[in-house]
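Fold and contact review
Okay, here's what each chain looks like letter by letter:
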Amino acid sequence: MKEIWIYAEARGGRVNEVAHELLTRALDLKEKLDNSIVSAVLIGHDIPDEDKQELIQRGADKLYYVDDPKLKDFLVEPYSKVLIQLVKEYTPEIIIAPATTQGRTLMPYTAVRLRTGLTADCTGLDIDEEGNLLQTRPAIGGNIMATIKTATRPQMSTVRPHSTRPAPIMDGQRQGEIINVKIQLTQDDLPTARLDFIKDETQGGTIQDADVIVSGGRGVGKADNFKIVYKLAELLGGAVGGSRDVVDRGWIGYPHQVGLSGKTVNPKLYIALGISGAIQHLAGMQTSDTIIAVNKDPDAQIFRVSDLGIVADVTELVPALIEKLEVAKSEV
């Protein structure tokens, strides 16, 4: 059987939800790759059994678990040694990891030592007629989408977080195999040590963590008009986003940019104000649960992915909406 692996990233001793998103990708590939199964690789220490079982319930056929006190905190050298030994013993066909800080560090380091290829920051994965992994990612500053194939094995990719929904829990009785693997780590495998972790509090929460995002585009008109975007987001208890165009114009800072060259988001509600819907932007937000778009162009691409589309001038509609929300809030 050909194995499609996901790297189930753990943080703080718990499996990160991004692993469940990768299972969605892997299960889709499993349907297209003959004689294949989905396996998860989990590296850490004292990961709760419920987290391991959840990976099985969400679609993993196997789970390779390596537990060692030396692996409590992520360090690229020992984690890479573990992953390389697993690859050499079990020979997966495909390995998918999240394009997080861990994934972006671990996968290149490992790919070099395995002498195989790696496609980073993918937004799409598919299988061709010959069973090769097709890896799609933005290129040339996000202006084109490139599809890449790897001639060597394993085929390795990192995938943007929040670019797909987590795999649902299939069945509380679903069975899978958990393989506890022992790998000997020596002091030579630990050339660095984690002394402390200081969280960056300078920017507060990020748009990737928000349940509600209100984004503005060029249709907002000018930088000063962005105050209505901020006000609407404040009233809805959400975060503020923007298209690449308005970031390039200096109307809003880069940390707010949604799209291929910015953040990929998956909120419960995404409101797009004056955003035309270029493919680079759509790829960064189209998995949102509910999308509401306001644009005065009835043919705007954004309406193709919207649950509710409103053809109107943002600078006329949004102030009226803000007024109604303020009245409603004052009456509560």
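Computed from a predicted model, the values in this text were never measured in an experiment. (Residues numbered from 1 in each chain as written. Predicted model: local features only at pLDDT ≥ 70, side-chain atom pairs only at ≥ 80, totals over all residues. Heavy atoms only, no water.)

**Points about the side chain of serine 39**
Basically, it comes down to this: Each helix is a run of H or I in the DSSP string that is no shorter than four residues. Each strand is a run of E no shorter than two, and both are numbered from the N terminus. Each residue's exposure class comes from its accessible area (1.4 Å probe, protein chains only) as a fraction of the maximum for that residue type: buried when under 20%, exposed when over 50%, partly exposed otherwise. Only heavy atoms matter for contacts: two residues are in contact if any of them lie within 4.5 Å across the pair.
With respect to the helices and strands, serine 39 occurs in strand β4 (residues 36–44). You can call serine 39 buried: its relative accessible area is 0%. Dropping the residues within four chain positions of it, serine 39 is found in contact with Glu3, Ile4, Trp5, Ile6, Lys62 and Tyr64.

**Structural notes on the pairing of strand β1 (residues 2–7)**
Filter applied, for reference: What makes two strands pair is DSSP finding at least two bridges between them.
Of all six residues that make up β1, five are buried, and the element is covered over most of its length. Relative to β4, β1 is paired through six bridges, and the arrangement is parallel. Looking at the pairing, isoleucine 4 lines up with valine 38 of β4. Where β1 lies against strand β6 (residues 94–98), three bridges are found, and the strand directions are parallel. By the bridge assignment, isoleucine 6 is partnered in β6 with isoleucine 96.

**A word on the environment of valine 82**
Assignment of secondary structure puts valine 82 in helix α3 (residues 76–90). Between the C-alpha atom of valine 82 and that of threonine 110, which follows or precedes it by 28 residues, the distance is 9.8 Å. With residues up to four places along the chain from it excluded, the contact list for valine 82 reads Ile43, Val66, Leu71, Ile183 and Leu185.

**Some details on unusual backbone geometry**
That bond from arginine 153 to proline 154 is cis: its omega, 0°, falls within 30 degrees of zero. Relative to the assigned elements, proline 154 resides in the loop between β10 (144–148) and β11 (155–159). One non-glycine residue, arginine 115, lies in the positive phi region at around 55°. Looking at where arginine 115 falls in the secondary structure, it is placed in the loop between α4 (101–114) and β7 (118–122). For arginine 115, a relative accessible area of 72% corresponds to the exposed category. Despite not being glycine, aspartate 121 has its phi angle at roughly 60°, a positive value. Following the sequence through the fold, aspartate 121 ends up in strand β7.

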